[in-house]
Amino acid sequence: MKTKAVFIYLFFISVTNLLQAQDQTRRLRREDCFFGVHFDLHASEDITDAGKTLTPEMVDSFLTKVKPDFIQIDCKGHPGISSYPTKIGYPVKSFEKDPLKLWREVTKKNKVGLYMHYSGVWDNKMVKEHPGWAVINANGERSRQKVSFFSPYLDTYLIPQLKELSDYGVDGVWIDGDNWAVERDYCEASLKRFAKETGITDIPRSPADKHFSEFTAYTRSLFREYLNKYVDAIHRYNPDFQITSNWAYSSMMPEKVTIDLDFLSGDLTAQNAVYQAAFEARCLAPQGKPWDLMAWGFSWSHLNEGKMPRSMKSAIQLKQEAAQCIAMGGGFQIYYTQNRDLSIKPWIESAVSGVGEFCRERQPFCHKAKPIPQIALLYPSVSYLKNAYRPYSDPRTMLQGALNLVLDGQNAVEILMEHHLQGKMEQYPLIIIPECDYLAADFLEELKNYVSQGGNLMVIGTETAKIFKTELGIKELVHGSVNQVFVATGKQIGSVRSASASLALSPEAEPLTYFYETDDFRQQSKNPSASMNRYGKGKITGVYLDAASAYAEYRSPVLRDFVNDRILELFSRPLAEVKGSHLVHLAVNELNKKIYVNLINIAGEHTNPMALGYDEIPPLRDLKIDIHLDKKPEEIILQPGGKSLNFKFSKGTATIAIPELEIHSILEILP
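The rules behind the values
- Residues numbered from 1 in each chain as written.
- Predicted model: local features only at pLDDT ≥ 70, side-chain atom pairs only at ≥ 80, totals over all residues.
- Heavy atoms only, no water.
- Salt bridge = Lys/Arg side-chain N within 4 Å of Asp/Glu carboxyl O.
- Helix = DSSP H or I, 4+ residues; strand = E, 2+ residues; numbered from the N terminus.
- Axes fitted to C-alpha atoms, helices over the stretch in contact; angles between N-to-C directions.
- Parallel < 35°, antiparallel > 145°, perpendicular 65-115°, else oblique.
- Left-handed = near helix turned anticlockwise from the far one by under 90°.
- Contact = heavy atoms within 4.5 Å.
- Nonpolar A, V, L, I, M, F, W, Y, C, P; charged D, E, K, R; others polar.
- Buried < 20%, exposed > 50% of the residue type's maximum accessible area, 1.4 Å probe, protein only.
- Pairing = 2+ DSSP bridges.
- Right-handed = clockwise from strand over helix to strand, strands pointing away.

Asks: Help me get a handle on the pattern of salt bridges, residues and values and all.
Replies: Evaluated as defined, the whole model comprises 31 salt bridges. Between Glu197 and Arg193 there is a salt bridge, with the nearest N and O atoms lying 2.6 Å from each other. On the criterion of helical spacing, the pair formed by Glu197 and Arg193 is a turn pair, its members being four residues apart in helix α6 (residues 188–198). In this structure, the salt-bridge partner of Glu321 is Lys313, at a minimum N-O distance of 2.9 Å.

Laid out in structure tokens, this is it:
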């Protein structure tokens, strides 16, 4: 068996090398790209030596050593200044050479895709030169950053400049500063259209005003119209030109894909990106488009701008962030800034190439893999969009907290929006509804039917419980204010800062746990902290505190285990279980008719806001993995490396010992 495992591993590597050799005859389309590097500058107008120290040898050396599938470089950032000699917009003051021409020539020679970083809605220079093109804010002032959808910007500037980039022969654009930069526009043309489309003439200007959510939804429709217009225009001009709008159809734009973007992408936060990568990967993965995520190659926080120094991340830190992305089937890229003259820092080659090698070793077992249905965590997009302050760029911390709770409980979980789950609920052994205050009637009815037919539903949060009062068997529910509450699991008791609910249950509902008055097991209250009720053939559990928000604010092992106990009561036999450490995140996938169990070590200082970076992740030792299968597998192989593992198989469970988990290992299950 071990000889066979080694043969299979060597076969994978040889096939990968063959494909890479074949790819030397052409540039990969973005849908087939796996690893890339992003450079940008957000160029300023006063640059007088663009291209001065940028050389073909510098670029060639980087591409040869790092071997990316694609490169993204600066083109036009938020200041609105182009870093190549554009004839359309506003270039830097002067050039010593054309940086874009140089990049295209060298990337073309190396068969590497070339994409441009281009700021869309956000363009400081444009609104400075054309004040009448700016968004008008609720207070009547013109924005100094954002262009109006009612201005000529799209037709006279953005679309012509993208055509100019196409004529340079670049492969596509990564449009930044787009959906997440959108603001409500109170210009006369906007207000007239809103009134005509909705019949609403009392214009809302703050969240407290009536029809504020309608005006926000209207603003989103304007963005979709704008996005669709430039995507279609450029595709008509050059069908091979590939386009994405940063964070389109992601956590920030939780909608069904309706516009013909070629791929989806987004850039992670510079801090705590390990958890954010896990979150954003799960928001992009189900959208049905090729996707990747971009890690910042340096630590920085906008909350401490001017105080927190920038510090380059270690290769180890970036590998951990990469693991969360590629384990969900997507691609990975790393972002570094360019120098003011558009050159790059050659010394980063070593760190980037190490991360690239890490990703390449895992590519045959990860890229384009699809999750196997286990736990579905609903992204309640209708509720969140209805309550959002900004049109986009408002991902809810309670949803991230809910995901972290489930992942830290070592469960395989997907994030699915309403349009993903509708018609497919029966595929999931457990569906979790995080904190929200509204579900559409048709979706709610389908959820109830899912449970009545034998499904398992878990409801987290005080407001969420109100939606399911009848199904949970709640006779009376009183919503409490945010306070310190005490919950228990096993022999542990702990405090949580959260709103909670006081309730009375009907006789058929079963209290599972109770709140405590203090951190003393002798002080149990009469108020349930969780209950379960049978509904038709299925079961529904309610958790009567805002556990997700509380966990997002303060991680607690007691709260983690409290929620995981509720999960196990509903879903006791997942495909994979980990024992031996709480610091393992799971992802279970299918690829080429094989099962792959991803094990990610999440130790390290990524959650520490005081840490600029870290260069060591303690390995996890003596793990035991249980894989529940219908029949005994032919072989279980530890990847990368092709090591055949000894395992015991009894009563439908294969048990494997993993002596050490460094960052990311994959169990390949041969049927």
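Asks: Just give me the short version of the packing of helix α2 (residues 56–66) against helix α3 (residues 99–109), but keep the residues and values in it.
Replies: Viewed as axis vectors pointing N to C, α2 and α3 meet at an angle of 40 degrees, and their least axial separation amounts to 10 Å. As judged from the angle between their axes, α2 and α3 are oblique. Of the two elements, α2 crosses α3, and the hand of that crossing is right-handed. Of the residues in α3, those in contact with Pro56, Val59, Asp60 and Leu63 of α2 are Leu102, Trp103, Val106, Thr107 and Lys109. Of the residues in the contact of α2 with α3, the class split is six nonpolar, one polar and two charged.

Asks: Give a description of the packing of helix α12 (residues 397–408) against helix α18 (residues 557–570) that names residues and reports values.
Replies: Pairs of packed helices are described in terms of their axes, by the angle between the two and the distance that separates them. Closest axis-to-axis distance for the α12/α18 pair is 9 Å, and the angle between their directions is 75 degrees. The angle between α12 and α18 falls in the class roughly perpendicular. Together, Leu405, Val406 and Asp408 of α12 and Leu559, Arg560, Val563 and Ile567 of α18 make up the contact between the two elements. Residue classes in the contact of α12 with α18 are distributed as five nonpolar, no polar and two charged.

Asks: How would you summarise the environment of Ile73 if you had to cite specific residues and measurements?
Replies: Tracing the sequence through the fold places Ile73 in strand β2 (residues 70–76). Judged by its relative accessible area of 2%, Ile73 is buried. Spatially, the C-alpha atoms of Ile73 and Asp40 are 5.4 Å apart, while their sequence positions differ by 33 residues. The contact partners of Ile73, leaving out residues within four places of it in the chain, are Phe39, Leu100, Trp103, Leu114, Tyr115, Met116, His117 and Gln338.

Asks: I'd like to hear about the side chain of Ser82, residue by residue, with values.
Replies: Locating Ser82 in the fold gives a position in strand β3 (residues 81–82). Given a relative accessible area of 0%, Ser82 falls into the buried group. The residues contacting Ser82, other than those within four sequence positions of it, are Cys75, Lys76, Tyr90, Pro91, Val92, Phe95, Tyr157 and Gln161.

Asks: How would you summarise the pairing of strand β1 (residues 35–40) if you had to cite specific residues and measurements?
Replies: Counting buried positions over the six residues of β1 gives six, a clear majority of the element. Covered by surrounding structure in β1 are Phe35, Val37 and Phe39 together with Gly36, His38 and Asp40, the residues of both alternating faces. Two strands pair when backbone bridges link them, and β1 and β2 are joined in this way by three bridges, in the parallel orientation. Within β2, the residue paired with Val37 across the bridge is Ile71. For the handedness criterion, the β-α-β arrangement of β1, α2 and β2 is classed as right-handed.

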